[in-house]
Amino acid sequence: MYNNILGVFILVIKVDNLTKRYGNLIALDHFNLEVNQGEIFGLLGPNGSGKTTAINCILSLLKYDKGTVEIFNKPMAPDAYDIKKDIGLVMQNVAIFDELTVYENVDYFCGLYIKDRNHRRELVEQAIDFVSIGYYKDFYPKKLSGGLLRRLNIACGIAHQPKLIILDEPTVAVDPQSRSNILEGIQRLNKAGATILYTSHYMEEVEQICTRIAIMDKGRIIATGTKEQLKAMISSGEKIRVELFDMDDNILQDLKKLPHIVSVEYEDNFLIVKSSRGKNNLLAVLDYLKSNNIAFGKIYSEPPTLNDVFLEITGKELRD
């Protein structure tokens, strides 16, 4: 959030040169991160890039070798309970009690921060309604689907209405309907005033909900910005897909000679043309097809994705 009076962004998380080693393995390599108040900040990276390690270090759940962490402009420490009471944490592994019902689980975790029973009862009901599991509040976890367990996990983490919510891959292994419900819920939490740090290796989720994004690889941040800013950093341009039922090698070779064309492939009756950044790439392809009397069907033009950004910056696919 930008403070117009002071002319500065209000930092909720500030991490400087965080380093974490496991023997010879460097899990975090001078990791730096700044998250502003009011953001949904996406931390994007493949499995093993260090996202979960970074979260655990930020929360002082894991010791690190060097660096500093501040949350709400205060140094973070294992016993910083005045800071932790305003943080909600939802880890990728569902952390609930099998012997407690849905309601009892949410009440237990909320009770770690809210002692007044009447107030806690209101917050628990709100959290259960928020993730749409009211019908199941008397169920035990073993009766719930994977998607419902994820939503229960979120309710347990946000019931005390924290100012900062950290979600570490909350949609792993859930069905599309539950994923959509979770993502919509995250946006509602943000609109209600929560700052959110969201880690994932699902690029489409991050692109959908995050106001700013950091791409992480090998324990460090390699690029940060809005999705538009990240896409502007790379040379890759649009990907053009043209339905084509009659193909010969001459068409492929001719298209490769056009300006700004990086590659041309043909698969499943579609001509796939990848271009570098530049104007009129689609028009140039269509002009070629028309001038050579080549019949074509549907045409799609796709702008660069976060996967394209990651592939160009790191040289590997995002979902490793």
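Look up: the structure comes first, before these words.
How each quantity is defined
- Residues numbered from 1 in each chain as written.
- Predicted model: local features only at pLDDT ≥ 70, side-chain atom pairs only at ≥ 80, totals over all residues.
- Heavy atoms only, no water.
- Core = buried A, V, L, I, M, F, W, Y, C linked by side-chain atoms within 4.5 Å.
- Buried < 20%, exposed > 50% of the residue type's maximum accessible area, 1.4 Å probe, protein only.
- Helix = DSSP H or I, 4+ residues; strand = E, 2+ residues; numbered from the N terminus.
- Pairing = 2+ DSSP bridges.
- Patch = residues over 30% accessible without salt bridge, like charges linked within 9 Å, V, L, I, M, F, W, Y side chains within 5 Å.
- Areas by Shrake-Rupley, 256 points an atom, 1.4 Å probe, with all protein chains shown as cover.
- Salt bridge = Lys/Arg side-chain N within 4 Å of Asp/Glu carboxyl O.
- Polar contact = N/O pair within 3.5 Å; in protein donor to acceptor, adjacent residues only side chain to side chain.
- Contact = heavy atoms within 4.5 Å.

**So, the nonpolar core**
One finds Val106, Leu152, Leu167, Ile186, Ile196 and Tyr198 to be the most contacted residues of the largest nonpolar core, which totals 44 residues. Sort the elements by how many residues they give to this core and helix 5 (residues 146-158) lands first, with six residues. With 26 residues, the next largest nonpolar core counts Leu59, Met76, Ala80 and Ile83 among its residues.

**A word on unusual backbone geometry**
Glycine aside, residues mostly have negative phi angles, and peptide bonds mostly take the trans form. A positive phi is found at Asn17, a non-glycine position, where the angle reads about 50°. Tracing the chain through its elements places Asn17 in strand 3 (residues 11-22). At Ser132, a residue that is not glycine, the phi angle is positive and equals roughly 60°.

**Here's the deal with the pairing of strand 13 (residues 236-243)**
Bridging between strand 13 and strand 15 (residues 270-276) involves six bridges; their strand directions are antiparallel. Following the sheet pairing, Ser236 is matched in strand 15 by Ser276. Note: strand 13 against strand 16 (residues 299-302), four bridges, orientation antiparallel. Its bridge partner being in strand 16, Arg241 is matched across the sheet by Tyr300.

**Some points on helix 1 (residues 51-58)**
Counting buried positions along helix 1 yields seven of eight residues, so the element is predominantly enclosed. Inspection of helix 1 places Lys51, Thr53, Ala54, Ile55, Asn56, Cys57 and Ile58 among the buried residues, and these make up the whole buried set. Phi for Ser60, located one or two positions after helix 1, is positive at around 60°.

**Side note on a nonpolar patch on the surface**
A contiguous nonpolar patch, built from Tyr108, Leu112 and Tyr113 and spanning about 290 Å² of accessible area, is present on the exposed surface. Mapped onto the elements of the fold, Leu112 is located in the loop between helix 3 (102-111) and helix 4 (117-130).

**With respect to the pattern of salt bridges**
Here the structure, examined in full by the defined rule, presents 12 salt bridges. With a closest N to O distance of 2.7 Å, Glu205 and Arg179 form a salt bridge. Separated by 26 residues along the polypeptide, Glu205 in helix 7 (residues 203-209) and Arg179 in helix 6 (residues 176-191) bring together distant segments of the chain. With a relative accessible area of 1%, Glu205 lands in the buried category.

**Details of the side chain of Arg212**
Assignment of secondary structure puts Arg212 in strand 11 (residues 212-217). Of note is the side chain of Arg212, whose polar atom sits 2.9 Å from the backbone oxygen of Glu34. Here Glu39 takes part through its side chain, which lies 2.6 Å from a polar atom of the side chain of Arg212. In contact with Arg212, not counting residues within four places along its chain, are Glu34, Val35, Asn36, Glu39, Ile40, Phe41, Gly42, Thr224, Gly225 and Thr226.

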